[in-house]
Amino acid sequence: TAGFERRVASRWTIGGDVQASPSRHFSPRWGTRAEIEFASGTGWGVQGSNRRLHYLANDVTVSAATLERYVSRYRIAYSISDARLDGGGAISQRVNGDLYYGPSSVGVLVAFGDEVESLIPDGVLRTQVRAVGVMGHQAVRPRWMLVYDAVIHRQGTFYTRRRFSAGVQHRF
């Protein structure tokens with residue numbers, strides 16, 4: 001994955017990324033994302049994004065909108081997304097709460113809604129999803145961060161996935 005983010009005016013930022021995977025069994029063969037963000041200057045922010053993912057069997061388009069509010073060191077955000085897969089679509093929602101301390105942050109999330117998945121040759125499967133999680137960025141040097149998340153994701157009656165991930169981020 002390679003991406004960019006650029007401030008184009010005092011309150012407007014645009015960004016995007018591209019991704020590719022040599023192993024296409026679970027990951028998309030390729031994907032693109034475009035995003036625009038407006039910061040009001042009074043603690044409110046709005047973002048919109050569009051992501052296109054190309055899998056072997058189908059393409060997926062996910063459009064999302066987020067409304068956020070910053071107060072002091074805290075942020076609360078509400079997001080809604082619409083995922084479109086050939087033959088079906090699904091709406092999901094997410095609420096985040098974050099605490100910022102210096103260049104670092106820790107947050108919680110709650111997500112709910114529907115998800116669609118292509119099952120060849122049976123068509124599209126729609127399931128209810130629920131998720132809760134904790135995530136954060138911990139500064140270790142001025143340009144280096146440890147990033148982490150721990151999420152419990154319930155996929156209808158099929159399974160519950162528990163995930164912990166950690167990584168390193170460098171800001172150029």
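What follows is about a nonpolar patch on the surface. On the surface, Ile76, Tyr78, Ile80, Ile91, Val95, Val110, Val132 and Ile152 cluster together to form a nonpolar patch covering roughly 620 Å² of accessible area. Going through the elements one at a time, strand S6 (74-85) and strand S7 (88-101) are the ones with two or more residues in the nonpolar patch. A per-element tally of the nonpolar patch places S6 first, with three residues. Take Val132: it is sitting in strand S9 (residues 123-141). Classification of Val132 by relative accessible area gives partly exposed; the value is 41%.

Bringing the pattern of salt bridges into the picture now. Enumeration according to the criterion identifies eight salt bridges in this entry. Linking Arg51 and Asp17 is a salt bridge whose minimum nitrogen-to-oxygen distance equals 3.8 Å. You can see Arg51 sitting in strand S4 (residues 44-54) and its partner Asp17 sitting in strand S2 (residues 12-20), a full 34 residues away along the chain. Across the salt bridge formed by Arg33 and Glu35, the nearest N and O atoms sit 3.4 Å from each other.

Attention shifts here to the packing of aromatic side chains. Enumeration according to the criterion identifies two aromatic pairs in this entry. Where Trp12 meets Phe38, the ring centres are 4.8 Å apart and the plane angle is 50 degrees; that geometry is what we call tilted. With Trp12 in strand S2 and Phe38 in strand S3 (residues 30-39), the pair connects residues that are 26 residues apart, well separated along the chain. The class for Trp12 is partly exposed, based on a relative accessible area of 38%. Plain terms: the ring middles of Tyr70 and Tyr100 are 6.1 Å apart, the flat faces sit at 40 degrees to each other, and that makes the pair tilted.

Parameters at a glance
Residues numbered from 1 in each chain as written. Predicted model: local features only at pLDDT ≥ 70, side-chain atom pairs only at ≥ 80, totals over all residues. Heavy atoms only, no water. Patch = residues over 30% accessible without salt bridge, like charges linked within 9 Å, V, L, I, M, F, W, Y side chains within 5 Å. Areas by Shrake-Rupley, 256 points an atom, 1.4 Å probe, with all protein chains shown as cover. Salt bridge = Lys/Arg side-chain N within 4 Å of Asp/Glu carboxyl O. Helix = DSSP H or I, 4+ residues; strand = E, 2+ residues; numbered from the N terminus. Buried < 20%, exposed > 50% of the residue type's maximum accessible area, 1.4 Å probe, protein only. Phe/Tyr/Trp six-rings, centres within 6.5 Å; stacked < 30°, edge-to-face > 60°.

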